[in-house]
Protein chains: 2
Amino acid sequence: METPLEKALTTMVTTFHKYSGREGSKLTLYNVQTTISLGGGKCCGKKMKETSIDDLMKSLDKNSDQEIDFKEYSVFLTTLCMAYNDFFLEDSQ
Amino acid sequence: METPLEKALTTMVTTFHKYSGREGSKLTLYNVQTTISLGGGKCCGKKMKETSIDDLMKSLDKNSDQEIDFKEYSVFLTTLCMAYNDFFLEDSQ
């Protein structure tokens, strides 16, 4: 049986492939709007500003091709995960 | 309502804090065995060799203090996530 952490990792992979290839390359996310749709637009119930997401996406899309491959997506999730952790620590103080 | 991706991120944070602080610092994972308990010991149903996990943990524990902080843990998850993605791509071919 899958542990919660294994299930979380599976969700991350399947979510990427659910949205990748809708536009552009089959193995990339096409644009910022798609990533907002992924659920990255909120953090601990708080809606992020579109400009903030836009800036974040620009910083991840190193070659500025408006596409995010899996590696770039993983870095994005790590950043989000660390933001979630900061909220968690603030909340538990 | 949480999206699956938000739920996955929450799981990653809460799983870390479920195991952190059992030994050593409150905000770190103490050793390899703890990380295996996290569910990182399997990948897509396949059990990883303990030596492989040990090598991975050593590579993440930069200061060799036998503890993994949240940032190191995030890098570990990113590595696992990319391994999951490789399995996903192989499986779908």
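The structure under discussion appears in the preceding block.
So, a few notes on the structure that sits alongside this text. Keep in mind the model is a prediction, meaning the values are calculated, not measured.

Structural notes on helix H1 (residues 4–19) of chain B
Residues and elements named next belong to chain B.
Line of reasoning, step 1. Spanning 16 residues, H1 covers 23 Å between terminal C-alpha atoms, matching the ideal 22 Å at 1.5 Å per step.
Line of reasoning, step 2. All of the buried residues along H1 are Leu5, Glu6, Ala8, Leu9, Thr11, Met12, Val13, Thr15, Phe16, His17 and Tyr19.
Line of reasoning, step 3. The positive-phi residue at the C-terminal boundary of H1 is Gly21, with phi of around 80 degrees.

What to know about the interface of chain B and chain A
By a widespread convention, an interface's size corresponds to the accessible area lost as its parts come together.
Line of reasoning, step 1. The interface of chain B with chain A comprises 31 residues on the first partner and 31 residues on the second.
Line of reasoning, step 2. In this assembly, chain B packs against chain A so that about 2,900 Å² is buried in total across both faces, 77% of it on carbon and sulfur atoms.
Line of reasoning, step 3. Ranking the residues of chain B by area buried against chain A places Leu5, Leu9 and Tyr84 of chain B at the top, with a combined share of 21%.
Line of reasoning, step 4. Our count for the chain B to chain A interface comes out at zero salt bridges.
Line of reasoning, step 5. Where chain B packs against chain A, one counts three residue pairs in polar contact (both at pLDDT 80 or more).

Some points on the relation of the copies chain B and chain A
Line of reasoning, step 1. Superposition of chain B onto chain A requires a rotation of 180 degrees combined with a translation of 0.0 Å along the rotation axis, giving an RMSD of 0.0 Å. What the superposition gives is, in effect, a two-fold axis relating one chain to the other. Of every C-alpha in chain B, the one belonging to Ala8 of chain B sits nearest the axis of rotation, 2.1 Å from it.

Observations concerning the packing of aromatic side chains
Line of reasoning, step 1. Within this structure, the stated rule accounts for six aromatic pairs over all chains.
Line of reasoning, step 2. Plain terms: the ring middles of Phe16 of chain B and Phe70 of chain B are 5.0 Å apart, the flat faces sit at 85 degrees to each other, and that makes the pair edge-to-face. Remark: Phe70 of chain B occurs in helix H4 (residues 70–91) and Phe16 of chain B occurs in helix H1; sequence separation between them is 54 residues. In this structure, Phe16 of chain B and Phe70 of chain B share a single accessibility class: buried.
Line of reasoning, step 3. Ring centres 5.4 Å apart and planes at 50 degrees place the aromatic pair Phe70 of chain B and Tyr73 of chain B in the tilted group. Here the residue Phe70 of chain B and the residue Tyr73 of chain B both occupy positions in helix H4, the gap between them amounting to three residues, near one helical turn.
Line of reasoning, step 4. Exposure remark for Phe70 of chain B: the relative accessible area of 7% places this residue in the buried category.
Line of reasoning, step 5. Joined through ring pairs, the aromatic side chains of Phe16, Phe70 and Tyr73 of chain A make up one cluster.

The rules we used
Residues numbered from 1 in each chain as written. Chains lettered and ligands numbered in written order. Predicted model: local features only at pLDDT ≥ 70, side-chain atom pairs only at ≥ 80, totals over all residues. Heavy atoms only, no water. Helix = DSSP H or I, 4+ residues; strand = E, 2+ residues; numbered from the N terminus. Expected span 1.5 Å × (residues − 1). Buried < 20%, exposed > 50% of the residue type's maximum accessible area, 1.4 Å probe, protein only. Contact = heavy atoms within 4.5 Å. Buried area = accessible area lost by both parts, 1.4 Å probe. Salt bridge = Lys/Arg side-chain N within 4 Å of Asp/Glu carboxyl O. Polar contact = N/O pair within 3.5 Å; in protein donor to acceptor, adjacent residues only side chain to side chain. Least-squares fit on C-alpha atoms with pLDDT ≥ 70 in both. Phe/Tyr/Trp six-rings, centres within 6.5 Å; stacked < 30°, edge-to-face > 60°.

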